[in-house]
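Structural description and commentary
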Amino acid sequence: MPEPATTTPTAPAAEPAARPGRADARRGRLDLGGLATHAVLSLGAVAMVFPFLWQLLTAFKTMPESVRVPPTILPAEWNWDAFEQVFSAVPFMEMLTNSLMNTVGRTLGQLVFCSLAAYAFARLQFRGKNVLFAVFLSVLMVPSQLLVLPQHEIIQRLGLLNSIPALFLPGMFSAFGTFLLRQFFMALPRELEEAARIDGAGPFRIFWSIMLPLVRPALAALAVITAMWSWNDLLWPLVVNTDPSKVPISAGLISLEGQFLTNYPILMAGSVIASLPMLILYVLLQRHFVQGIALSGSKG
């Protein structure tokens, strides 16, 4: 019988080498995309920084130079007089102190009350919790300007008009702050509470010793947001306080604007000095602020 023919296995055909031209083209498209992204971000950064830079440069100009047409960007001669005159134009140090007390009072109040309310809504079980929380969040849909007259009536009946407590008492409670902290409390594992209860800890001890230290990024984010909002608040201080020695710096700088003529170097110098505390606060707490906002959006 004839032997079956044997066939030798053939090696697989080698894959065609990647064309260098295609890889270079793809790399070029990626480089162009990254370049365009950085260009757009750079333009956005310039648009954000330019008003502050213009404010700073105007503070070093003289009065005639600040209203010159066409305007000049750099001052012809760097003048520091505006930074000295702003302290005599208004009671600047008293206004800075008022702003500091207003900011600290509001921030501490929101950290205390919002954290307690958020923990109750997130971890405690009681009848009507969801309905009450929905009603609580409905405050976010009401413009804050609509609450000015009722709050003014309350402050007037308490006899606190033209006082420092009148600045921060209505702002010590925040529906937004409660919602922000509630998102963090809901993401914490319940095993921590169960272990603490087995050890004999009560609800407040669990909140203070276990839960609160775990939400420090959210507390830092809420502190920065509240501090910046309080420092820049203008409407409420103008309504509740008319005494120049009891208004914060945000309302005090308004008095530097004249009806027919405004000394822009002095006004800009005061604005620069008033902006420095918030810039320093944001730089110190920037990492916690970004972490708190990012995590609050990814947990729930």
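Structure: see above.
Considerations on unusual backbone geometry
Looking along the chain, the bond that leaves V69 and enters P70 is cis, with omega of 0°. Within the secondary structure, P70 is located in the loop between α2 (63-66) and α3 (81-89). Residue N162 is not a glycine yet carries a positive backbone phi of 55°. Mapped onto the elements of the fold, N162 is located in the loop between α6 (148-157) and α7 (165-168). N162 gets classed as partly exposed once you look at its relative accessible area, which sits at 31%.

Details of helix α8 (residues 175-187)
When the terminal C-alpha atoms of α8 are compared, their 19 Å separation across 13 residues agrees well with the 18 Å that a helix rising 1.5 Å per residue should span. For α8, the full list of buried residues reads A175, G177, T178, L180, L181, R182, Q183, F184 and F185. With a side-chain oxygen lying 3.4 Å from the backbone nitrogen of F176, the N-terminal cap of α8 falls on S174.

Digging into the layout of surface pockets
A volume near 950 Å³ is recorded for the largest pocket. The wall of the largest pocket is formed by 31 residues, among which S144, L147, P170, F173 and W229 lie closest to the centre. Broken down by secondary-structure element, the contributors of at least two residues to the lining of the largest pocket are α4 (92-123), α6, α8, α11 (216-232) and α12 (235-240). Each residue belonging to the lining of the largest pocket can be placed in one class, and the counts come to 20 nonpolar, 9 polar and 2 charged. Approximately 480 Å³ is the volume attributed to the second largest pocket. Elements with a contribution of two residues or more to the lining of the second largest pocket: α1 (20-59), α11, α13 (249-252) and α14 (264-298). Sort the elements by how many residues they give to the lining of the second largest pocket and α14 lands first, with 7 residues. Tallied by class, the residues present in the lining of the second largest pocket amount to 13 nonpolar, 4 polar and 1 charged.

A closer look at the pattern of salt bridges
Here the structure, examined in full by the defined rule, presents 4 salt bridges. The shortest N-O distance in the salt bridge between R106 and D233 comes to 2.9 Å. Taken as a pair, R106 in helix α4 and D233 in the loop between α11 and α12 lie far apart in primary sequence, 127 residues in all. According to the relative accessible area criterion, R106 is buried, its value standing at 6%. Between R123 and E193 there is a salt bridge whose closest N-O contact spans 2.8 Å. A residue pair is termed long-range when its members are at least 10 positions apart, and R123 in helix α4 and E193 in helix α9 (residues 191-198) qualify at 70 residues. Using a relative accessible area of 3% as the deciding quantity, one classes R123 as buried. Linked through salt bridges whose partners overlap, the residues forming this network are R123, R190 and E193.

Cut-offs and rules
- Residues numbered from 1 in each chain as written.
- Predicted model: local features only at pLDDT ≥ 70, side-chain atom pairs only at ≥ 80, totals over all residues.
- Heavy atoms only, no water.
- Helix = DSSP H or I, 4+ residues; strand = E, 2+ residues; numbered from the N terminus.
- Buried < 20%, exposed > 50% of the residue type's maximum accessible area, 1.4 Å probe, protein only.
- Expected span 1.5 Å × (residues − 1).
- Polar contact = N/O pair within 3.5 Å; in protein donor to acceptor, adjacent residues only side chain to side chain.
- 1 Å grid on protein atoms, 1.4 Å probe; cavity = no way out; pocket = protein on both sides within 12 Å on 5 of 7 lines; lining within 4 Å.
- Points joined across faces, edges and corners; volume = space filled by probe spheres on them.
- Nonpolar A, V, L, I, M, F, W, Y, C, P; charged D, E, K, R; others polar.
- Salt bridge = Lys/Arg side-chain N within 4 Å of Asp/Glu carboxyl O.

All we've got here are geometric facts, nothing functional implied.
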